[in-house]
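Each chain, written out:
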Amino acid sequence: MQTTEKEQEQVREERPIITLITDFGEGYYVAAMKGVILDICRSACLVDITHDIRSHDVLEGAFTLLCTYPYFPPHSVHIAVVDPGVGSERRGIIVATKDHYFVGPDNGVFSFVYNREPVTKVISIESQVYLRGTVSPTFHGRDAFSPVAAWLALGTPLEKFGEEIEDYSGATVLPVQKVEDDPTRIEGMVIHVDKFGNIITSISPETAAEQFGYSGSPKFFVKGQTITHSYSYYAEAAPGEIFALVGSSGYYEIAAHRSRASDILGVERGEKVQLELHTESSASSTT
Amino acid sequence: MQTTEKEQEQVREERPIITLITDFGEGYYVAAMKGVILDICRSACLVDITHDIRSHDVLEGAFTLLCTYPYFPPHSVHIAVVDPGVGSERRGIIVATKDHYFVGPDNGVFSFVYNREPVTKVISIESQVYLRGTVSPTFHGRDAFSPVAAWLALGTPLEKFGEEIEDYSGATVLPVQKVEDDPTRIEGMVIHVDKFGNIITSISPETAAEQFGYSGSPKFFVKGQTITHSYSYYAEAAPGEIFALVGSSGYYEIAAHRSRASDILGVERGEKVQLELHTESSASSTT
Amino acid sequence: MQTTEKEQEQVREERPIITLITDFGEGYYVAAMKGVILDICRSACLVDITHDIRSHDVLEGAFTLLCTYPYFPPHSVHIAVVDPGVGSERRGIIVATKDHYFVGPDNGVFSFVYNREPVTKVISIESQVYLRGTVSPTFHGRDAFSPVAAWLALGTPLEKFGEEIEDYSGATVLPVQKVEDDPTRIEGMVIHVDKFGNIITSISPETAAEQFGYSGSPKFFVKGQTITHSYSYYAEAAPGEIFALVGSSGYYEIAAHRSRASDILGVERGEKVQLELHTESSASSTT
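The model shown is predicted, which means the values in this text are computed figures rather than measured ones.

What counts, and at which threshold
Residues numbered from 1 in each chain as written. Chains lettered and ligands numbered in written order. Predicted model: local features only at pLDDT ≥ 70, side-chain atom pairs only at ≥ 80, totals over all residues. Heavy atoms only, no water. Helix = DSSP H or I, 4+ residues; strand = E, 2+ residues; numbered from the N terminus. Buried < 20%, exposed > 50% of the residue type's maximum accessible area, 1.4 Å probe, protein only. Contact = heavy atoms within 4.5 Å. Areas by Shrake-Rupley, 256 points an atom, 1.4 Å probe, with all protein chains shown as cover. Least-squares fit on C-alpha atoms with pLDDT ≥ 70 in both. Phe/Tyr/Trp six-rings, centres within 6.5 Å; stacked < 30°, edge-to-face > 60°. Buried area = accessible area lost by both parts, 1.4 Å probe. Salt bridge = Lys/Arg side-chain N within 4 Å of Asp/Glu carboxyl O. Polar contact = N/O pair within 3.5 Å; in protein donor to acceptor, adjacent residues only side chain to side chain. Pairing = 2+ DSSP bridges. Axes fitted to C-alpha atoms, helices over the stretch in contact; angles between N-to-C directions. Expected span 1.5 Å × (residues − 1). Right-handed = clockwise from strand over helix to strand, strands pointing away. Left-handed = near helix turned anticlockwise from the far one by under 90°. Nonpolar A, V, L, I, M, F, W, Y, C, P; charged D, E, K, R; others polar. Patch = residues over 30% accessible without salt bridge, like charges linked within 9 Å, V, L, I, M, F, W, Y side chains within 5 Å. Lys, Arg positive; Asp, Glu negative; His and termini not counted. Charge placed at Lys NZ, Arg CZ, Asp CG, Glu CD.

1. With respect to the overall build of chain A
Then comes step 1: Tallying secondary structure elements over chain A gives seven helices and 14 strands in all.
Then comes step 2: Taken along the three principal axes of its C-alpha coordinates, chain A extends 60 × 50 × 35 Å.
Then comes step 3: Looking at chain A as a whole, 61% of its 287 residues are labelled buried.
Then comes step 4: For chain A, the share of sequence-separated contacts (at least 6 apart) that also reach a separation of at least 24 residues comes to 67%.
Then comes step 5: Carbon and sulfur atoms provide 46% of the accessible area of chain A, an area that totals close to 11100 Å².

2. Considering the relation of the copies chain B and chain A
Then comes step 1: Turning chain B through 120° and shifting it by 0.0 Å along the axis lays it on chain A, with an RMSD of 0.0 Å. What the superposition gives is, in effect, a three-fold axis relating one chain to the other. Taking the C-alpha atom as reference, chain B places B:C45 closest to the rotation axis, 5.1 Å from it.
Then comes step 2: Interface overlap between copies is the fraction of interface residues in one copy that are interface residues in the other; for chain B against chain A it is only 8%, indicating separate surfaces.

3. Observations concerning the environment of B:G247
Then comes step 1: Mapped onto the fold, B:G247 is located in the loop between strand 12 (242–246) and strand 13 (252–256).
Then comes step 2: Each residue touching B:G247, except ones within four places of it in the same chain, is listed here: A:T138 and B:E253.

4. Re the packing of aromatic side chains
Residues and elements named next belong to chain C.
Then comes step 1: For the structure on display, the rule yields 45 aromatic pairs over all chains.
Then comes step 2: Seen in terms of ring centroids, Y214 and Y252 are 6.4 Å apart; in terms of plane orientation they differ by 85°. Their pairing is edge-to-face. Of this pair, Y214 sits in the loop between helix 6 (205–212) and strand 10 (220–222) while Y252 sits in strand 13 (residues 252–256), placing them 38 residues apart in sequence. Accessibility assignment for this pair places Y214 and Y252 in one class, buried.

5. A closer look at the interface of chain B and chain A
Then comes step 1: Between chain B and chain A, the residue contacts involve 40 residues of the former and 44 residues of the latter.
Then comes step 2: Carbon and sulfur atoms supply 57% of the area that chain B and chain A bury against each other, a total of about 3500 Å² over both sides.
Then comes step 3: The interface formed by chain B and chain A holds zero salt bridges in total.
Then comes step 4: For the interface between chain B and chain A, the tally reads 10 residue pairs in polar contact (both at pLDDT 80 or more).
Then comes step 5: Mapped onto the side of chain B that touches chain A, the elements with two or more residues apiece are helix 1 (5–14), strand 2 (45–50) and helix 3 (58–68) of chain B.
Then comes step 6: The leading source of residues in the side of chain B that touches chain A is strand 2 of chain B, at five residues.

6. Focus: the sheet that holds strand 5 (residues 100–105) of chain B
Residue and element names in this part refer to chain B.
Then comes step 1: Strands sit in the order 2-1-3-5-4-6 across an open sheet of six strands; the sheet is mixed. Strands at the two margins of the open sheet, each flanked by one partner only, are strand 2 and strand 6 (119–124). Strand-to-strand, the axes of this sheet are offset by a mean angle of 20°, without reference to chain direction.
Then comes step 2: In the sheet, strand 4 (residues 92–97) pairs with strand 5 via five bridges, with the strands oriented antiparallel. The partner of G92 across the bridge, within strand 5, is P105.
Then comes step 3: Strands strand 1 (17–22), strand 2 and strand 3 (76–81) of the sheet are contacted by helix 2 (residues 28–40), whose axis makes an angle of about 160° with strand 1.
Then comes step 4: Across the face of the sheet, helix 5 (residues 140–153) comes into contact with strand 1, strand 3, strand 4 and strand 5 while running at roughly 170° to strand 3.

7. Quick notes on helix 2 of chain B
Then comes step 1: Relative to the 18 Å expected for 13 residues at 1.5 Å per residue, helix 2 of chain B spans 19 Å between its end C-alpha atoms, a close match to the ideal helical length.
Then comes step 2: Counting buried residues in helix 2 of chain B gives 12 out of 13 residues, a clear majority hidden from the surface.

8. As for the pairing of strand 1 of chain B
All names here are of chain B.
Then comes step 1: Within strand 1, six of the six residues are buried, leaving the element largely enclosed by the surrounding structure.
Then comes step 2: Of the two faces of strand 1, both are covered, the one formed by I17, T19 and I21 as well as the one formed by I18, L20 and T22.
Then comes step 3: Where strand 1 and strand 2 come together, five bridges link them in parallel fashion. Bridge assignment links I21 to a residue of strand 2, and that residue is T50.
Then comes step 4: Between the parallel elements strand 1 and strand 2, the chain passes through helix 2 in a crossover that is right-handed.
Then comes step 5: By the bridge criterion, five bridges tie strand 1 to strand 3 in an arrangement that is parallel. The residue of strand 3 that forms the bridge with T19 is H78.

9. Structural notes on the packing of helix 2 of chain B against helix 5 of chain B
All names here are of chain B.
Then comes step 1: It is the contact of helix 2 with helix 5, at a shortest axis distance of 8 Å, that shows an interaxial angle of 35°. Where helix 2 crosses over helix 5, the two elements pack in a sense that is right-handed. In this structure, helix 2 contributes A32, M33, V36, I37 and I40 to the contact, and helix 5 contributes G141, R142, S146, P147, A150 and W151.
Then comes step 2: Looking at the contact of helix 2 with helix 5 residue by residue, the classes come out as eight nonpolar, two polar and one charged.

10. Brief notes about unusual backbone geometry
Then comes step 1: The phi angle at A:R258 is positive, at roughly 60°, despite the residue not being glycine.
Then comes step 2: If you trace the backbone, A:R258 turns up in the loop between strand 13 (252–256) and helix 7 (261–265).

11. Re the packing of helix 2 of chain B against helix 3 (residues 58–68) of chain C
Then comes step 1: Between helix 2 of chain B and helix 3 of chain C, the shortest axis-to-axis distance is 9 Å and the interhelical angle comes to 35°. The way helix 2 of chain B lies across helix 3 of chain C gives a crossing that is right-handed. The segment helix 2 of chain B lies against helix 3 of chain C, with B:Y28, B:A31 and B:A32 engaging C:F63, C:T64, C:C67 and C:T68.
Then comes step 2: For the contact of helix 2 of chain B with helix 3 of chain C, a count of residues per class yields five nonpolar, two polar and no charged.

12. Things to note about a negative patch on the surface
Then comes step 1: A contiguous patch of negative charge on the surface is contributed by A:E26, A:D52, B:E26, B:D52, C:E26 and C:D52.
Then comes step 2: Tracing the chain through its elements places A:D52 in the loop between strand 2 (45–50) and helix 3 (58–68).

13. A few points about the interface of chain A and chain C
Then comes step 1: With 40 residues of chain A at the contact, the number on the chain C side is 44 residues.
Then comes step 2: Both sides of the chain A and chain C interface together cover about 3500 Å² of buried area, and 57% of this is carbon and sulfur.
Then comes step 3: Run the count over chain A and chain C and you get 10 residue pairs in polar contact (both at pLDDT 80 or more).
Then comes step 4: Of all the elements in the fold, those that place two or more residues in the side of chain A that touches chain C are helix 1 (5–14), strand 2 and helix 3 of chain A.
Then comes step 5: When residues in the side of chain A that touches chain C are grouped by element, the largest group, five residues, is from strand 2 of chain A.

Put into structure tokens, the structure is as follows:
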């Protein structure tokens, strides 16, 4: 069943990818969005990223987008709806970068995209032509962002949706900063706890090194505990041992082999976490 | 990558939509259904509406179907399996309306469809030809409804599946009625609580006005609390304020801006909710 | 919209099925895998089996695969990633049977497949060509198994991925054994509790009869309770009555009509369950 390069290229044109991130939870809100999209662009390949973003947690939505969209092929359209201000003055926007389109509210949910790659154009969604006839003031995901994404996937030129804008919500970076009363440490936050209880922090080795001169091996402080061991994969640690590693998204994680680090340490999303800037390489470190 | 109208029309024929609503939860029951469907109709575009209907809650399944199927394109096939009587005498049916097909048990799960639009035909599924060779008495979702939906999506004529019937479970309406000892109010129920804690009621402004002569602005009574404020979108309210609004499905909701109204009021699905029929417009109302 | 046999055959070639079983939970790990797959094989039809396997529970992953893959069409590719040893010495493998391909770690997750049908070939994934440029030591699901599955779906010959091996983790069977101090009984375990609270056991009527000479009607012992009634479908029982039946996957289940047997009996996955080998047919049994 080998298919040729050319056939795959054709599929690419014929089957545009539309991904969805929302805080709507499982259920009929997301299904209605998919119905609207397929009614306009029947050939769309719909991919759910997640609908379990914490309600109204724009930062979590932005981080999840950052961890996923780069893996999708060029010309993918990414809808991100974490939108506590729906119905108010906040604008709906389309963000175009070299390889991707993003559709959602202008409330910071795309801020890590701006930080990661150059933005080609940001459009304020104004034309009523590409919205549903009646737009519910509480569900722009269904009545505005879904149809816009579908028309975009069909190849509608950007300028048809509205005016280019420059004053969109600017780039933000994941929270990492110097600790005020201790120049030997930087402080970030727990940005996500995954199903395994792994604690994903906002600190990457690159940020720590380039912006704060970090060197050595990771030594973390969280909830009064010190984590000095680090490994490159989970099974290197002893069962239950707590350690740091660079996770698959490029950020430091605090994990426990075959145990839930989050439960052992009592850590939830939002908790502060500190990293020592200069350590001597620890004997147990393999990173 | 602009595609023409004609190409999209072709995709429509080549890629029939089959949606799924069940109370099976996440896991291998639904996956087996999808395997069966794709084995018959490989080109199907499968869309999960939800599999988190409360176990055996036919009313919730029916309401979820009502809130989603109208958004899907013509010729979509909708499977709804909330089926406590599986294996017993209850029939399996296909319901055809002008634009949609529905496949599932004849137990009321399609009752809101009957109420919303004219039914073209209801078929009792009798032919064994379109079922799996061995039909498990506990899993008609996999062995009967999935293959029937797949053959239907491939264009199999309705009459091949069985006889037309007239005595199917009739139309029901969402529960809204006069309050017996208080002629100034009508009573409905909480039909759904969404992930945000918004309380969706069975009362729509249209039903209230047309059937009960409702006028004015919404004043709700639920769990001993009176809700007098109403807005048209969430962010209009003050944080934590409880208010009514017309939700995206057209029913009254009781919500709290950036808080969970269901937690604040202690309300779950099934709770009774009353609406005052004649109010003077409240100063804070914007609806 | 009737499509011909030939058209469906073409779709089969053009739209390879890739299914996914993981213990990653809902969220961005799975989404990244899908992005990687679609970037290589845009025409893939992706089907989530489940991502809610208990963390590191290889047996549950293997059982879920067994209950689902046989329903999918020939040439489907099944990714199963329950992989506590990721990054360590454990190999990644491709298993080919007559009709299916399986991709995942060589840790037993495919052991029920080996037991169910002849294996054509097992390949140790060695070629770097089909992996992502940088392979995260903690996420082979994204960087190794997803791209391998995608290339396989495109028709890449098996031998290109690596050497054939014979020493892969062998076939295992679901745990069923004689009870040591009671020759009249066999013992299995609770392999799954579904959303309805139905208790799925590791004992099938075939295994019991062929390997242990079981005859009669089912009489189960679990948590100090004896279950003597059996039916062929749920609605045959009285509401709340606890009984045994042969479930849709071919294994004995202990269920309660419109109630949660698991809650009533206080049973969780892993609990031991015993079956009496020789009973006189019970009056209430209909199986």
